[in-house]
Amino acid sequence: MDIFLSYSWSCSELADKLENTLAMEPAFHILRDIHAVEVAESLHSFMNSIREAFCSILLINEAYLQSRNCINELVALSKERDFTRQLIPVIIQGTDIFTKQGKDRAIRFWEGIRDETLPFETSELSRALEVVGDLKCIVYNQKEDIDAKHCGQAVMDTLIQRVFDHELRPAPITIHWFPLPKRRLLCIDFGTSYTLACAIGTDGHSYMVRDCRGEASFPSAIELHSDGSYAVGNAVNTLIPNSNTYVVRALKRVILGAGSVTYGPYHFSTMLLIAMLFHSVKRNAEEFFGVSFNETLLSVPVEFRGYETKLLESAAQVAGLTVVRAIQESSTASLLTTAHAATLGYSYLLNIDLGGGTLDISAAEVSDGVCEILFSLGNRSFGSMDYDHMVCQYAVSRLEREYNLAPIYSDSTLYACILAQVEQIKIELSRCNHTRFSLQAANQMGDMVIYTWDMTRDTYAEITHELTVQLKSILEHTKKLLKESIIGDEKFLIYLTGQGSKLFIIPQLIQETFL
């Protein structure tokens, strides 16, 4: 996102500090130093840049108000359709544009200049100053060194809020009135594949947040657009990336990578991407319940490290939510299944949560309605989506080897279609022993051909054998802890949750290991 920085040379030092601060977020690309160009060329390049820029920051002092280039830019900006939405004014303390006297003084300065080449009317300048004076401005005290840091953070916070304002929301959510306490807690289960949220009512019930489509769960995905707008969850319409949009999926896996990521032409910090999703969840909840939320309870994978949990908490804070507690996902599941286990007469339970991108396991003891977590373990980079990708690799290799298709990984459209077909196969094999892989694609001659072959449970298991061996090792270790260290020969109840419950291999493997 291009951020235009307009300032006079007297504010160069502040401009440098702001640029260094904003450089911490790779999504923001600073455009500046246009004033060094001749006026005509400056205006021409400026107007071309500003039409594409996401936002403009004005550093306004007395020198700015008396600079031909700066005032040219200000007047030109005021003629843009989204002038007030695109503008962030930073007023150097002592500069008066808020009172009528201050505005009149700036206008009289230009009225005293008899220059036919002046590209604006004083009436246009008057209108621009009126609009800027009515905006929420950031005031900078240049006499205080610490204020430069505060100013930079205020600009960063404002820019991120502008990013949130560009979320594309298909329709408003109908308000549902539930008995919620004054101190409301938004509980968020941020999954690799899907995200859910709920609020606890005064009656003790959990009320799920639903989006504009009435869905309680939505994909953990963000669709990025070239104009800075974006869509989240079920509002994502594009399945395949192109030059104007790019879909980021499996956001939780992004946390395991670098601090910043690149998707096509877009470059973002991991924190901002997660914050964009959390802010959308917050807006959904506030529209759905008709009240505001400022605090949240987050569930996190067992194997998430401290800095990864901290990243989630920082993203929530940026989204306007204070994290009151982060709780392990497997522990959450165990707490929720305590009553059911006790009803069936079991004193111990084992919860296996195989999500789209993480594996979380916890053992718990249930006594007198109290659930005590005995141990937790897991794998933060193992999930059901790894099965999808392994089968997808098999399909790509077979298409290229047997049908001489061009390198598929370079064709994002074709690869996305293969991945969709593989996900469908996983669902079908959970219900039956046999299905078919079927893909329509162009051959080397450009003719559309249907490529198809049988896919059985045995074939699927053979393709994903390496992953199953890895999961088997984790389950055997869990069995050892249960039998030798914790429970002995006591019977226990096993719960399987998460996306992995749809994969036929997982229930079979659990039965082989524990029963």
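Preceding this paragraph is the structure being described.
What counts, and at which threshold
Residues numbered from 1 in each chain as written. Predicted model: local features only at pLDDT ≥ 70, side-chain atom pairs only at ≥ 80, totals over all residues. Heavy atoms only, no water. Phe/Tyr/Trp six-rings, centres within 6.5 Å; stacked < 30°, edge-to-face > 60°. Helix = DSSP H or I, 4+ residues; strand = E, 2+ residues; numbered from the N terminus. Pairing = 2+ DSSP bridges. Axes fitted to C-alpha atoms, helices over the stretch in contact; angles between N-to-C directions. Core = buried A, V, L, I, M, F, W, Y, C linked by side-chain atoms within 4.5 Å. Buried < 20%, exposed > 50% of the residue type's maximum accessible area, 1.4 Å probe, protein only. Contact = heavy atoms within 4.5 Å. Expected span 1.5 Å × (residues − 1). Parallel < 35°, antiparallel > 145°, perpendicular 65-115°, else oblique. Left-handed = near helix turned anticlockwise from the far one by under 90°.

J.: Even after reading the chapter, I still don't get the packing of aromatic side chains, so can you show me in this structure?
T.: With the rule as written, the count across this model stands at 14 aromatic pairs. With 6.5 Å between their ring centres and 90 degrees between their planes, Tyr394 and Trp453 make a pair best called edge-to-face. Highlighted residues: Tyr394 in helix H13 (residues 384-402) and Trp453 in strand S21 (residues 448-456), separated in sequence by 59 residues. Aromatic side chains Phe492 and Phe514 sit 6.1 Å apart centroid to centroid with 90 degrees between the ring planes, which places their arrangement in the edge-to-face category.

J.: Whenever I open this one, the sheet that holds strand S3 (residues 55-60) confuses me. Can you help?
T.: One key point about sheets: their strands pair by backbone hydrogen bonds, in either a parallel or an antiparallel sense. Read across the sheet, 5 strands follow the order S2-S1-S3-S4-S5 without closing on themselves; strand pairing throughout is parallel. Of all the strands in the sheet, the pair left with one neighbour each is strand S2 (29-31) and strand S5 (138-140). When strand polarity is set aside, the average angle formed by the axes of neighbouring strands in this sheet is 25 degrees.

J.: Whenever I open this one, the nonpolar core confuses me. Can you help?
T.: Note that soluble globular proteins tend to have their nonpolar side chains buried in a common cluster. Ile57, Leu59, Met276 and Phe278 are the most contacted members of the largest nonpolar core, which has 72 residues in total. Among the elements that take part in this core, helix H10 (residues 270-289) stands out by supplying 11 residues, more than any other. Excluding residues that lie within four positions of it along the chain, Ile57 makes contacts with Ile3, Phe4, Leu5, Ser6, Leu22, Ile88, Val90, Val155 and Leu159. By size, the runner-up hydrophobic cluster in this structure holds 44 residues, among which are Leu354, Tyr451, Leu471 and Phe514.

J.: Looking at this structure, how should I read the sheet that holds strand S22 (residues 493-497)?
T.: Ordered by their spatial adjacency, 4 strands build an open sheet running S19-S18-S17-S22, and the pairing between neighbours is mixed. Sheet topology places strand S19 (370-379) and S22 at the edges, where each strand pairs with a single neighbour. Each neighbouring strand pair of the sheet contributes to a mean axis angle of 20 degrees, computed without reference to strand direction. As paired strands, strand S18 (residues 359-367) and S19 are joined by 9 bridges and run antiparallel to one another. Its bridge partner being in S19, Asp360 is matched across the sheet by Gly378. Across the sheet, helix H17 (residues 505-514) is in contact with strand S17 (348-354) and S22; its angle to S22 comes to roughly 160 degrees.

J.: What's the story with the environment of Arg127 in this structure? I'm lost.
T.: Relative to the helices and strands, Arg127 resides in helix H7 (residues 122-134). Classification of Arg127 by relative accessible area gives partly exposed; the value is 46%. For Arg127 and Gly355, which are 228 residues apart along the polypeptide, the C-alpha to C-alpha distance reads 56 Å.

J.: Hey, could you run me through the environment of Val281 in this one?
T.: Following the sequence through the fold, Val281 ends up in helix H10. Each C-alpha atom of the pair Val281 and Asn72 lies 41 Å from the other, and the pair is 209 residues apart in sequence.

J.: Sorry if this is basic, but what is going on with H10 here?
T.: Because the α-helix completes a turn every 3.6 residues, residues three or four places apart line up on one side. Over its 20 residues, H10 runs 29 Å from end to end, which matches the ideal 28 Å to within 8%, given 1.5 Å per residue. The element H10 is extensively covered by neighbouring structure, given that 16 of its 20 residues are classed as buried. Of the residues one or two after H10, Gly290 is the one with positive phi, at around 75 degrees.

J.: Would you mind showing me how to read the packing of H10 against helix H11 (residues 306-318) here?
T.: Axis angle and axis distance: for two packed helices, these are the angle between their axes and the distance between the axes, and together they describe the pair. It is the contact of H10 with H11, at a shortest axis distance of 8 Å, that shows an interaxial angle of 55 degrees. By the criterion of interaxial angle, the relationship of H10 to H11 is oblique. Judged by the twist between their axes, the crossing of H10 over H11 is right-handed. Listed contacts from H11 to Thr270, Met271, Ile274, Ala275 and Phe278 of H10 are Leu311, Leu312, Ser314, Ala315, Ala316 and Val318.

J.: When you look at the environment of Ile91 in this model, what are you seeing that I'm missing?
T.: Inspection of the secondary structure assignment puts Ile91 in strand S4 (residues 87-92). Residue Ile91 is classed as buried on the basis of its relative accessible area of 2%. It is 9.8 Å that separates the C-alpha atoms of Ile91 and Gly133, two residues lying 42 residues apart in sequence. Those residues in contact with Ile91, other than ones at most four positions away along the chain, are Ile60, Ile97, Phe98, Cys137, Ile138, Val139 and Tyr140.

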